[in-house]
Amino acid sequence: SGSEMGFRSFDPESSFFSYPTSHLHIEELSASIVRSHRETTQYRPEELQALRWKVFSREEIHAYQSKSVDEMWQHCAVRLTDAVQYVVEFAKRIPGFRQLCQNDQIALLKSGSMEVVLVRMSRMFNTENNTVFFDGKFAGTELFKSLACGDLIAAVFDFAHNLCALRLTEQQMAVFTALVLINADRPCLEDRERVQKVRRDVELALSHIMHRDNQESLLHKLYQRVPVLKSLCALHIEKLRWFRQLYPLTVHSLFPPLYKELFG
Ligand code: CLR
């Protein structure tokens, strides 16, 4: 059900954009997605830049490493769910998304929200020291040691590092993340054709932006990352299954409902 995401509370008539979006100029669609992205990121680029000097001390890192496996998992699940909540808000503001049936909205978020979080992670990443902004400061992979899933953490950091190297603008990232979400190949979709129609426009928006920025070669590089994202999310689900077997009660009573709804 979509109850945890507040899906039933919004008014579909209040959207300026009505389905189908084909009447919209691609320019307007791009601008709208960029605005939605800007309104739903936890930190603006200037803020992140100003926070770069904040790194965890040895003692602070040690405190995270001394947490028990279940304590650290719960902590990360809460942080991750916060980030996912912003992605849900972003999705709802993509023209055409709210006009999809509720089941399809949820299906797209189940398979795509983590992927978008991982793309957004590259905004919060410092390639100079391989750290990510987490819990108020920049943290390296060693801080996540007590999760006991070093392979996942290493792969996620590696992905962020490589995506960072592409130096996407906020606009490019906005439309790319919309494209990651609006994917007609996701499992359990009721009306694939409708998703495909929305996707076509988002694809045009991304091509438009890349063409405008004279960076058409980036397009190919971005599409190359998509299967990597998919494998990272599969690994995340695999780790969650492993953790749930060890600590079923932690997942049952302490993990955020939205996290369980999307990944559990
Ligand atoms: C992504 C960008 C968001 C802010 C944000 C919040 C939480 C971070 C996440 C970013 C990146 C991935 C992250 C996560 C917390 C835990 C998670 C560091 C920076 C790691 C990969 C652990 C995931 C697995 C646990 C559920 C065990 O704007």
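Residues numbered from 1 in each chain as written. Predicted model: local features only at pLDDT ≥ 70, side-chain atom pairs only at ≥ 80, totals over all residues. Heavy atoms only, no water.

Student: I'm lost on unusual backbone geometry in this one. Help?
Tutor: A negative phi holds for most residues other than glycine; trans holds for most peptide bonds. Positive phi, close to 60 degrees, is recorded for Ala 148, a residue that is not glycine. Mapped onto the elements, Ala 148 comes out in the loop between strand S3 (137-139) and helix H6 (150-165). Using a relative accessible area of 42% as the deciding quantity, one classes Ala 148 as partly exposed. Residue Asn 214 is not a glycine yet carries a positive backbone phi of 60 degrees. In this fold, Asn 214 is placed in the loop between helix H8 (192-212) and helix H9 (216-246). Here Asn 214 falls in the exposed class, since its relative accessible area comes to 69%. (Helix = DSSP H or I, 4+ residues; strand = E, 2+ residues; numbered from the N terminus. Buried < 20%, exposed > 50% of the residue type's maximum accessible area, 1.4 Å probe, protein only.)

Student: I keep staring at the sheet that holds strand S2 (residues 131-134) and nothing clicks. Help me out?
Tutor: Within a sheet, each strand pairs with its neighbour through backbone hydrogen bonds, oriented either parallel or antiparallel. Taken in spatial order, the 3 strands of this open sheet run S1-S2-S3, and their pairing is antiparallel. The strands lining the two open edges of the sheet, one partner per strand, are strand S1 (125-126) and S3. With 2 bridges joining them, S1 and S2 adopt antiparallel strand pairing. Looking across to S2, one finds that Phe 125 is bridged to Val 132. (Pairing = 2+ DSSP bridges.)

Student: Just to check I follow, could you spell out the nonpolar core for this structure?
Tutor: General note: in soluble globular proteins, nonpolar side chains tend to be found buried as a group. Core analysis: the largest hydrophobic core is formed by 86 residues, its most contacted members being Ile 33, Leu 118, Leu 143, Phe 144 and Leu 181. Here this core takes 11 residues from helix H4 (residues 69-92), the largest share from any one element. Dropping the residues within four chain positions of it, Ile 33 is found in contact with Phe 90, Ile 94, Pro 95, Ala 174, Val 175, Ala 178 and Val 202. (Core = buried A, V, L, I, M, F, W, Y, C linked by side-chain atoms within 4.5 Å. Contact = heavy atoms within 4.5 Å.)

Student: Can you help me understand the packing of aromatic side chains in this one?
Tutor: For any pair of aromatic rings, the description rests on two quantities: the centre-to-centre distance and the angle between the ring planes. Throughout the structure, instances matching the rule amount to 13 aromatic pairs. Taking the ring centre of Phe 90 as reference, the NZ or CZ of Arg 120 above it sits at 5.3 Å. (Phe/Tyr/Trp six-rings, centres within 6.5 Å; stacked < 30°, edge-to-face > 60°. Lys NZ or Arg CZ within 6 Å of the ring centre and 35° of its normal.)

Student: Help me out: how do you make sense of the pattern of salt bridges in this one?
Tutor: Where charged atoms of side chains with opposite charge meet at close range, the side chains can pair. Counting across every chain of the model gives 13 salt bridges. Note that Glu 39 and Arg 93 form a salt bridge whose closest N and O atoms lie 2.6 Å from each other. Of the two residues, Glu 39 sits in helix H1 (residues 26-39) while Arg 93 sits in the loop between H4 and helix H5 (102-121), which places them 54 residues apart along the sequence. Its relative accessible area of 45% is what places Glu 39 among the partly exposed residues. Residue Lys 137 pairs with Glu 60 through a salt bridge whose shortest N-O separation is 2.9 Å. Pair noted here: Lys 137 is in strand S3 and Glu 60 is in helix H3 (residues 58-65), with a separation of 77 residues, a long-range link. Overlapping salt bridges bring together Glu 39, Glu 89 and Arg 93 as one network. (Salt bridge = Lys/Arg side-chain N within 4 Å of Asp/Glu carboxyl O.)

Student: When you look at the site of the ligand in this model, what are you seeing that I'm missing?
Tutor: Around the ligand sit 18 residues in total, of which Gln 42, Trp 73, Met 121, Phe 134 and Leu 147 are the nearest. Within the side chain of Gln 42, a nitrogen or oxygen atom sits 2.9 Å from an oxygen atom of the ligand. When the free accessible area of the ligand is taken as 600 Å², the share hidden by the protein chains comes to 97%. Elements represented by at least two residues in the shell around the ligand include exactly H4, H5, S2 and H6. No other element matches H4, which puts 5 residues into the shell around the ligand. Taken together, the residues of the shell around the ligand break down into 15 nonpolar, 1 polar and 2 charged. (Near = heavy atom within 4 Å. Polar contact = N/O pair within 3.5 Å; in protein donor to acceptor, adjacent residues only side chain to side chain. Areas by Shrake-Rupley, 256 points an atom, 1.4 Å probe, with all protein chains shown as cover. Nonpolar A, V, L, I, M, F, W, Y, C, P; charged D, E, K, R; others polar.)

Student: Looking at this model, I keep getting lost on the packing of H5 against H9. Mind explaining?
Tutor: Packed helices, taken two at a time, are described by the angle between their axes plus the distance between the axes. Running from N to C, H5 and H9 cross one another at 115 degrees; their axes reach a closest spacing of 9 Å. Classified by the angle their axes make, H5 and H9 are roughly perpendicular. In this structure, the crossing between H5 and H9 has a hand that is right-handed. On H9, the residues that touch Met 114, Glu 115, Leu 118 and Val 119 of H5 are Leu 229, Lys 230, Leu 232, Cys 233 and His 236. Taken together, the residues that form the contact of H5 with H9 break down as 6 nonpolar, 1 polar and 2 charged. (Axes fitted to C-alpha atoms, helices over the stretch in contact; angles between N-to-C directions. Parallel < 35°, antiparallel > 145°, perpendicular 65-115°, else oblique. Left-handed = near helix turned anticlockwise from the far one by under 90°.)

So yeah, pure geometry; function would need other evidence.
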